[in-house]
Amino acid sequence: VTGAGGSIGSELVRQIAHYGPKKLIMLDMSEFNLYSIDMELRKSAPGLALASMAGSVCDAGLLDRLFRRHPVQVLFHAAAYKHVPIMEDNVAVCVHNNVVGTARLADKAQECGVERFVLISSDKAVRPTSVMGATKRLAEEIVQNRRNNGPPCFVTVRFGNVLGSSGSVIPLFKEQIRRGGPVTVTSPNMTRFFMSIPEAVDLVLQAGVGGNNGDIMVLEMGETVRIADMARRLIELSGLRAGEDIEIAYTGIRPGEKEFEELMTEDENVVRTPYEKIWVIQKKPGEGAQPLDIESLSRLAETGDESALRAELARLIPDATLGKGGRGA
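Now for a look at the structure at hand. Because the structure is a prediction, the values reported are computed rather than measured. (Residues numbered from 1 in each chain as written. Predicted model: local features only at pLDDT ≥ 70, side-chain atom pairs only at ≥ 80, totals over all residues. Heavy atoms only, no water.)

### Details of the overall build of the protein chain
Moving on, step 1. For the protein chain, the count of helices and strands is eleven helices and 14 strands.
Moving on, step 2. A separation threshold of at least 6 residues defines the contact pool for the protein chain, and within that pool the share at least 24 residues apart is 77%.
Moving on, step 3. Accessible surface, the protein chain: about 15000 Å² in total, of which carbon and sulfur atoms supply 50%. (Helix = DSSP H or I, 4+ residues; strand = E, 2+ residues; numbered from the N terminus. Contact = heavy atoms within 4.5 Å. Areas by Shrake-Rupley, 256 points an atom, 1.4 Å probe, with all protein chains shown as cover.)

So this is what it looks like as C-alpha cells:
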C-alpha cells in the first residue's frame, strides 16, 4: 500500500490486515504517519508480517529495493498530493508525484510480476479544473494505457470526499465553532459527495478485487451535500444558532475548486456491477486522449516551469479548465 500513512491508505492497511495477508508492505513519505500506523498494527495484529518503508514512489532506487526484498501480488496505490489550493501553488511537485510517480510505480509493477494494481483516484479527475484533478486524470490514463500489456490487472477506483480525512472541512468547522466563529464556507452553493472512510475503503477493496483489467470503478456516493448546510448543522449540534451565536462567512471559491463535483460525465458509459454501490465505466476515458510522454513530462516538471506545465496539462486533457493558479488568482 503506497501512501499507507494517509487517511485512505491507513484504513486500507487496517482492513487488509484483518484478512491476514502473508505480508503487508507499507510505503509513505511521512515518517510520522508511517510510524503511527506501524505502531497501531503491531498492537492490533501482532502476528502480521509487516514491512514499513519510508520514501516516495518517485524514488526509482527505493522501488527497486522494495520489490527486490518483497515480492508483491496486489498493490494499492493511494499515495498522492491531494489538497487542491496548495497544489495550485506547487504544480511541478504535483505533476512529479501524482503523474510521474504513478508511471514509475506501474512500470516497476509490470517488471516485477505484480498480479493486481489498484489506483485510488478522485472525482476531481472528471472535467478537471485544478492541477490536482488534472494529475489524477493523467494517473488514470497511465493505468488504463497499460491494460493490454500483460500483468498486472490494472484497476482504477474513483470516488469523492471522505469524512474525517486530513484536510476535511468538518474538523475545521468544529475548531472554528469552538473558537466562537466565524465558520468559513467558500460559496453558499458549494456541494460535495461524502462517504465515511471505512465504507469507502471497504468498497475500494471489493472494487479492486472484482474489477477487470482496465476498468474504472466508480463508487456510489449518494446525494451531494451543501457545505453551507453542513456548517449550519454542526453549529446546531453544538447547541448554538447559525447567524446569531456563530456567523457563517463566505470567502469565495479558491483557485482550482469547483462549486460541484462529478463522478462521471455523460459520455462515460457507466453500468452497475454485481457489487452494491459500485459502478464500472465501459467507455474508456483514455480513448482519444493525447499521447502521454512521461519522460518529457518528467523533464518539464524538473524545470519547475509552472506555466509550461499548466499548458501541457491543458493540451493532454481536452476537457480540463485550468486557471493561472496561485493564491492571488
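### Brief notes about the pattern of salt bridges
Moving on, step 1. Under the criterion given, the structure shown has 21 salt bridges.
Moving on, step 2. Two residues, Arg 310 and Glu 88, come together in a salt bridge whose shortest N-O distance is 3.0 Å. With Arg 310 in helix H11 (residues 306–316) and Glu 88 in helix H4 (residues 84–88), this pair connects stretches of sequence that are 222 residues apart.
Moving on, step 3. Residue Asp 107 is joined to Arg 146 by a salt bridge in which the shortest nitrogen-to-oxygen separation is 2.6 Å. Highlighted residues: Asp 107 in helix H5 (residues 91–111) and Arg 146 in the loop between helix H6 (131–145) and strand S5 (153–159), separated in sequence by 39 residues. (Salt bridge = Lys/Arg side-chain N within 4 Å of Asp/Glu carboxyl O.)

### Quick word on the side chain of Thr 135
Moving on, step 1. As for its placement among the helices and strands, Thr 135 is situated in helix H6.
Moving on, step 2. The class of Thr 135 is buried, set by a relative accessible area of 0%.
Moving on, step 3. Only 3.0 Å separates the side chain of Thr 135 from the side chain of Asn 98, close enough to count as a polar contact.
Moving on, step 4. Among all residues touching Thr 135, those that are not within four sequence positions of it are Cys 94, Val 95, Asn 98 and Val 99. (Buried < 20%, exposed > 50% of the residue type's maximum accessible area, 1.4 Å probe, protein only. Polar contact = N/O pair within 3.5 Å; in protein donor to acceptor, adjacent residues only side chain to side chain.)

### Focus on the side chain of Glu 11
Moving on, step 1. As for its position among the elements, Glu 11 is in helix H1 (residues 7–18).
Moving on, step 2. Overall, the relative accessible area of 12% leaves Glu 11 in the buried class.
Moving on, step 3. A polar contact of 3.2 Å, which involves the side chain of Glu 11, links it to the side chain of Arg 14.
Moving on, step 4. The residues contacting Glu 11, other than those within four sequence positions of it, are Ile 197, Pro 198 and Val 201.

### What about the packing of H6 against H11?
Moving on, step 1. Where H6 contacts H11, the two axes come as close as 11 Å, and the packing angle between them is 50°. Taken together, H6 and H11 sit at an angle that is classed as oblique. Read as a crossing pair, H6 and H11 show a hand that is left-handed. Contacts between H6 and H11 involve Val 131, Ala 134 and Leu 138 on the former and, on the latter, Arg 310, Leu 313 and Leu 316.
Moving on, step 2. By residue class, the composition of the contact of H6 with H11 is five nonpolar, no polar and one charged. (Axes fitted to C-alpha atoms, helices over the stretch in contact; angles between N-to-C directions. Parallel < 35°, antiparallel > 145°, perpendicular 65-115°, else oblique. Left-handed = near helix turned anticlockwise from the far one by under 90°. Nonpolar A, V, L, I, M, F, W, Y, C, P; charged D, E, K, R; others polar.)

### Quick look at the packing of helix H7 (residues 169–178) against helix H9 (residues 227–237)
Moving on, step 1. Following both chains from N to C, one finds H7 and H9 inclined at 45°, their axes separated by 10 Å at the closest point. What the angle tells us is that H7 and H9 run oblique. In this structure, the crossing between H7 and H9 has a hand that is right-handed. Contacts from Val 169, Ile 170, Phe 173, Lys 174 and Ile 177 of H7 reach H9 at Ile 227, Met 230, Ala 231, Leu 234 and Ile 235.

### Points about the pairing of strand S1 (residues 24–28)
Moving on, step 1. By the criterion of burial, S1 is predominantly enclosed, with five of the five residues buried.
Moving on, step 2. The alternating pattern of S1 places Leu 24, Met 26 and Asp 28 and Ile 25 and Leu 27 on opposite faces, both of which are buried.
Moving on, step 3. The pairing of S1 with strand S2 (residues 50–54) spans five bridges and is parallel. The residue bridging Asp 28 from the neighbouring strand is Ala 54, located in S2.
Moving on, step 4. Taking the sense of rotation as the criterion, the β-α-β connection linking S1, helix H2 (residues 31–44) and S2 turns out right-handed. (Pairing = 2+ DSSP bridges. Right-handed = clockwise from strand over helix to strand, strands pointing away.)

### Overview of helix H10 (residues 294–303)
Because each turn of an α-helix spans 3.6 residues, side chains separated by three or four positions end up pointing in the same direction.
Moving on, step 1. All of the buried residues along H10 are Ile 294, Leu 297, Ser 298 and Ala 301. Along H10, the residues classed as buried sweep out an arc of 100° about the axis, all on the same side. In H10, the exposed positions that point more than 90 degrees away from the buried face belong to Arg 299 and Thr 303.
Moving on, step 2. Where the residues of H10 are buried, they touch H5, H6 and H11.
Moving on, step 3. Looking one or two residues past H10, Gly 304 carries a phi angle of roughly 75°, positive in sign. (Arc of directions from axis to C-beta.)

### Quick word on a nonpolar patch on the surface
Moving on, step 1. Together, Phe 32, Tyr 35 and Met 39 line one region of the surface with nonpolar side chains, adding up to about 350 Å² of accessible area.
Moving on, step 2. Positionally, Met 39 belongs in helix H2.
Moving on, step 3. You can call Met 39 partly exposed: its relative accessible area is 35%. (Patch = residues over 30% accessible without salt bridge, like charges linked within 9 Å, V, L, I, M, F, W, Y side chains within 5 Å.)

### Side note on unusual backbone geometry
Moving on, step 1. With an omega of 0°, the peptide bond between Gly 181 and Pro 182 qualifies as cis.
Moving on, step 2. With respect to the helices, strands and loops of the structure, Pro 182 is situated in the loop between H7 and strand S7 (183–185).
Moving on, step 3. Of note in this structure, Arg 127 is not a glycine but carries a positive phi near 40°.
Moving on, step 4. Examined against the element boundaries, Arg 127 turns out to sit in the loop between strand S4 (116–122) and H6.
Moving on, step 5. Phi at Lys 277 takes a positive value of approximately 70°, unusual for a residue other than glycine.
Moving on, step 6. Relative to the helices and strands, Lys 277 is located in the loop between strand S13 (270–272) and strand S14 (278–281).

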